[in-house]
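These are the residues of each chain, in order.
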Amino acid sequence: MSVLDGPRAEWRRILYEGTPQWVRPEDDQLLLGDGRNLAEKDAVYLPPCDPTKIICIHLNYDSRRLEFRAPELVTPTYFQKPLTTLNSHRGVLSRPADCQYLNYEGEVGVIVGKPMRNVSPDDVWDHIAGFAPVNDVGAQDFRDTDAGSMLRVKGQDGFCPIGPGIVSGVDIRKQTLRTYINGEVVQEGALEEMTFDIPYILADLCRHITLLPGDLILSGTPANSRPMNIGDVVEVEVTGVGRLSNTVQEIPAPAHDVGHGPTDTDAVTRVALGGDWWDTQEEKG
């Protein structure tokens, strides 16, 4: 059965009495497999997948392409986030004290359900386990290093919160993605606005890379990614799927200054501030 076919099903993973547990949400309760209940508000969440890899598309919404005055896309390009970026619903996002451009990027996460190698676009939906809201967090202060791989921009610990659960039985093609900062909408885009849809992305990747159950694919963000402030509550909502919530905190800067540090160049602020940067440049003439 395709992941798009109903009825809707959701599974969440929590830490309960020191043990990871898969649970089903029901109203304000979480139902454990042994028959016990837990109040949802008391749950300590874990990521709802165990990927061997996290692969992300660079640019995929036309609104973001237009915001950056980029040419029309011909083919997608990708990058990876380390597994140590995994974070969960209600987890904390940490901004080092020497950074200032910690950006949100609300996205739909696609979780692989069956091994995929040379799977055609027509068959991709049958190989997906489900979907989840994801925040592709990035410290844009490091845009001037790593030769475009974004290893330090997007790869710092905890920079891939996902959850609260994994959802199937929802036609993801008809849903809308929204990001909120302190309750106010700051990003919005219908998934049908993607330049490269989910079947294209996964079929493209698995021509050469075997995708395994649990692997996580991030499908892109719409316009208006901007820096978050300390204390902000950032939420990523995918209609029909769920709403991921995290809070931003400050942590100390690294204890030593070996290697490339944060910068505040035009290359950094152009991405961190997006359309706001372009508006400033046009005002300058």
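Residues numbered from 1 in each chain as written. Predicted model: local features only at pLDDT ≥ 70, side-chain atom pairs only at ≥ 80, totals over all residues. Heavy atoms only, no water.

Visitor: Give me the lowdown on the sheet that holds strand β9 (residues 92-96), citing residues and values where you can.
Guide: Taken together, five strands build an open sheet; the order of strands is β9-β20-β19-β16-β17 and the sheet is mixed. Each having just a single partner strand, β9 and β17 (184-190) make up the two edges of the open sheet. Neighbouring strand axes in the sheet, compared pairwise and without regard to direction, differ in orientation by 20° on average. Relative to strand β20 (residues 242-251), strand β19 (residues 233-238) runs antiparallel, the two sharing six bridges. (Pairing = 2+ DSSP bridges. Helix = DSSP H or I, 4+ residues; strand = E, 2+ residues; numbered from the N terminus. Axes fitted to C-alpha atoms, helices over the stretch in contact; angles between N-to-C directions.)

Visitor: Which residues make up the pattern of salt bridges, and what values go with them?
Guide: Where charged atoms from two side chains of opposite charge approach closely, those side chains can pair. Tallying each qualifying case throughout the model produces 26 salt bridges. R64 is the salt-bridge partner of E105, the closest N and O atoms lying 3.4 Å from each other. Of this pair, E105 sits in the loop between β10 (102-103) and β11 (106-112) while R64 sits in helix α1 (residues 62-67), placing them 41 residues apart in sequence. What makes R64 buried here is its relative accessible area of 6%. Among the ionic pairs, K174 bridges to D171, the shortest N-O distance being 3.9 Å. By relative accessible area, which is 18% here, D171 ends up buried. (Salt bridge = Lys/Arg side-chain N within 4 Å of Asp/Glu carboxyl O. Buried < 20%, exposed > 50% of the residue type's maximum accessible area, 1.4 Å probe, protein only.)

Visitor: How would you explain the pairing of β11 if you had to name every residue and give the values?
Guide: Across the seven residues that make up β11, a large majority, seven, are buried. Burial along β11 is two-sided: G106, V108, V110 and V112 and E107, G109 and I111, pointing in opposite directions, are all buried. Pairing between β11 and strand β12 (residues 128-135): seven bridges, direction antiparallel. Paired with V112 across the bridge in β12 is I128. For β11 and strand β18 (residues 216-218), the ladder comprises three bridges, and the chain directions are antiparallel.

Visitor: Tell me what's going on with the side chain of R65, and back it up with residues and numbers.
Guide: Within the secondary structure, R65 sits in helix α1. Note on R65: relative accessible area 8%, which makes it buried.

Visitor: An account of helix α3 (residues 198-205) is requested, with residue identities and associated values reported.
Guide: Within α3, seven of the eight residues are buried, leaving the element largely enclosed by the surrounding structure. Those residues of α3 that sit buried are I198, P199, I201, L202, A203, D204 and L205. Taken together, the buried residues of α3 touch β6 (54-57), β7 (78-81), β11, β12 and β18. In this structure D197 caps α3, since a side-chain oxygen of it lies 3.0 Å from the backbone nitrogen of Y200. (Contact = heavy atoms within 4.5 Å. Polar contact = N/O pair within 3.5 Å; in protein donor to acceptor, adjacent residues only side chain to side chain.)

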